[in-house]
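Here is what each chain is made of, one letter per residue.
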Amino acid sequence: MTDRRSPALRFGIFMPQLGVSATEMIAAARNAEEAGFDSFWIMDHLYAPGTPQFDTLESWTLLSAIAASTSTIHLGHLVGCNPFRHPSLLAKMAATVDQISGGRLELGLGWGSVEDEFGMFGFDVGSRRDRAEQLGETIEIVRKMFSGESFDYTGKHFRLAGAYGRPTPVRGTIPIHIGGAGKQLTMPLVAEHADWWNCVASARSSFDELAPLRGDAKISVQYPVGVVVDERSRAKVAERTARRMPESGWGAPLIGTPEELAATFESEADRGVELAIVRFHDRADPDTIDRFGRDVISALSEG
């Protein structure tokens, strides 16, 4: 094997909690932790957009259970839906889960782009621009809450008087990831507020155009991945990947053997990606998690 040492590239798993039990989600997070993944990510929806009516576990409650059942892996949402929660409540929830996890929370946020969901569940939200403005104010408030100091806040959308957040996060703050790719509404928020820009899978084709707009934010990218363990299964893996993650919403999938995938992710690291977040074709089967950890993550980190 050629030298593929990429110490700056870390890996996460995105596993939407659709049609699975809490026990299965906890087991997947533990498997990912043991396999060497840096982070485990879930979705933040009240239903499954664009799919049949699957059981859908509430995200923060689930994240708390996963936090209490793991020890090293970082945890978060791709991404949290900002209109669902007032900023002060969000800050308290985040600090609490961060305490439960021992400082392993990553706070993923977005301004909420699935408009059907708001009407379906009775959320009274404004325009897309209003929601983007609200997200900017939310991040300002959350950071102030994380300081533990009393503060007043007067914005266009939110007002707080004498507010404070206790307890504070374990590390003093929590990294903020903003997901999306919109040049007008999302990327300015990333440049101003984010520690991380999460490039959604469907925007990977525009990566070179968008990345310069992120400011100083580090880069994470989502990838639909089909792991081929036997050449005879390649077509079946590609079919399952396309069915579970259609190219119209996820962009071109990465289909390959661990060797092929390692080469692809090495190239992604060379482009500036520091965190590769994969969603597997088979709902993160334990064998797939283990093989990816052993033959891709370890191969890239050890050379």
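Everything numeric in this text was worked out from a predicted model, so none of it was measured.

Let's talk about the pattern of salt bridges
Line of reasoning, step 1. By the definition in use, this model includes 17 salt bridges.
Line of reasoning, step 2. Linking R10 and D38 is a salt bridge whose minimum nitrogen-to-oxygen distance equals 3.7 Å. Here R10, found in strand β1 (residues 10-14), pairs with D38, found in the loop between α1 (22-35) and β2 (39-42); they are 28 residues apart in sequence, far enough to count as distant.
Line of reasoning, step 3. Look at R10 and you get partly exposed, because its relative accessible area is 32%.

Thoughts on the confidence of the model for the protein
Line of reasoning, step 1. Within the protein, residue pLDDT values average 94, and 97% of them lie at 70 or more.
Line of reasoning, step 2. Here residues 1-6 is modelled with pLDDT under 50, and outside its nearest four sequence neighbours on either side it reaches 19 contacts, counting other chains as well.

Observations concerning the environment of S64
Line of reasoning, step 1. Relative to the helices and strands, S64 is located in helix α2 (residues 59-69).
Line of reasoning, step 2. Overall, the relative accessible area of 22% leaves S64 in the partly exposed class.
Line of reasoning, step 3. Placed 124 residues apart in sequence, S64 and P188 show a C-alpha to C-alpha distance of 31 Å.
Line of reasoning, step 4. Residues in contact with S64, not counting those within four places in the same chain, are V97 and I100.

Some details on the pairing of strand β5 (residues 105-110)
Line of reasoning, step 1. Among the six residues in β5, six count as buried, and that is most of the element.
Line of reasoning, step 2. Judged by which residues are buried, β5 turns out to be covered on both faces: L105, L107 and L109 on one side and E106, G108 and G110 on the other are all buried.
Line of reasoning, step 3. Of the strand pairs in this sheet, strand β3 (residues 74-77) and β5 are connected by two bridges, and their pairing is parallel. The residue bridging G76 from the neighbouring strand is E106, located in β5.
Line of reasoning, step 4. Across two bridges, the pairing between strand β4 (residues 80-81) and β5 is parallel.

So, empty space enclosed by the protein
Line of reasoning, step 1. Under the criterion given, the structure shown has one cavity of 30 Å³ or more.
Line of reasoning, step 2. D44, W60, H77, G80, C81, N82, R85, L90, L107, G108 and L109 are the residues that line the largest cavity.
Line of reasoning, step 3. Among the elements that take part in the lining of the largest cavity, β5 stands out by supplying three residues, more than any other.
Line of reasoning, step 4. Classifying every residue of the lining of the largest cavity gives five nonpolar, four polar and two charged.

A closer look at the environment of A161
Line of reasoning, step 1. Mapped onto the elements of the fold, A161 is located in strand β7 (residues 159-163).
Line of reasoning, step 2. Its relative accessible area of 70% is what places A161 among the exposed residues.
Line of reasoning, step 3. Look past the residues within four positions of A161 in its chain and what remains in contact with it is F151 and D152.

Points about the packing of helix α3 (residues 87-101) against helix α5 (residues 128-147)
Between two packed helices, what matters for the description is the angle formed by their axes and the separation of those axes.
Line of reasoning, step 1. At their nearest, the axes of α3 and α5 sit 9 Å apart, and the two run at 50° to each other. The pairing of α3 with α5 is recorded here as oblique in orientation. Crossing of α3 over α5 shows right-handed handedness. Within the contact between the two elements, α3 uses P87, S88, L90, A91, K92, A94 and A95 and α5 uses T138, I141, V142, M145 and F146.
Line of reasoning, step 2. Broken down by class, the residue content of the contact of α3 with α5 amounts to nine nonpolar, two polar and one charged.

Details of unusual backbone geometry
Line of reasoning, step 1. Here the residue pair L78 and V79 is connected by a cis peptide bond, since its omega of -20° sits within 30 degrees of zero.
Line of reasoning, step 2. Mapped onto the elements, V79 comes out in the loop between β3 and β4.
Line of reasoning, step 3. Along the chain, R166 connects to P167 via a cis peptide bond; the corresponding omega equals 5°.
Line of reasoning, step 4. Here P167 shows up in the loop between β7 and β8 (176-179).
Line of reasoning, step 5. Although it is not a glycine, R283 adopts a positive phi angle of roughly 60°.
Line of reasoning, step 6. Considering the arrangement of structural elements, one finds R283 in the loop between β12 (275-280) and α11 (286-302).
Line of reasoning, step 7. Assessed through its relative accessible area of 36%, R283 is described here as partly exposed.
Line of reasoning, step 8. A positive phi angle, near 60°, is found at A284, a position not held by glycine.
Line of reasoning, step 9. As for its placement among the helices and strands, A284 is situated in the loop between β12 and α11.

Analysis parameters
Residues numbered from 1 in each chain as written. Predicted model: local features only at pLDDT ≥ 70, side-chain atom pairs only at ≥ 80, totals over all residues. Heavy atoms only, no water. Salt bridge = Lys/Arg side-chain N within 4 Å of Asp/Glu carboxyl O. Helix = DSSP H or I, 4+ residues; strand = E, 2+ residues; numbered from the N terminus. Buried < 20%, exposed > 50% of the residue type's maximum accessible area, 1.4 Å probe, protein only. pLDDT = per-residue confidence, 0-100. Contact = heavy atoms within 4.5 Å. Pairing = 2+ DSSP bridges. 1 Å grid on protein atoms, 1.4 Å probe; cavity = no way out; pocket = protein on both sides within 12 Å on 5 of 7 lines; lining within 4 Å. Points joined across faces, edges and corners; volume = space filled by probe spheres on them. Nonpolar A, V, L, I, M, F, W, Y, C, P; charged D, E, K, R; others polar. Axes fitted to C-alpha atoms, helices over the stretch in contact; angles between N-to-C directions. Parallel < 35°, antiparallel > 145°, perpendicular 65-115°, else oblique. Left-handed = near helix turned anticlockwise from the far one by under 90°.

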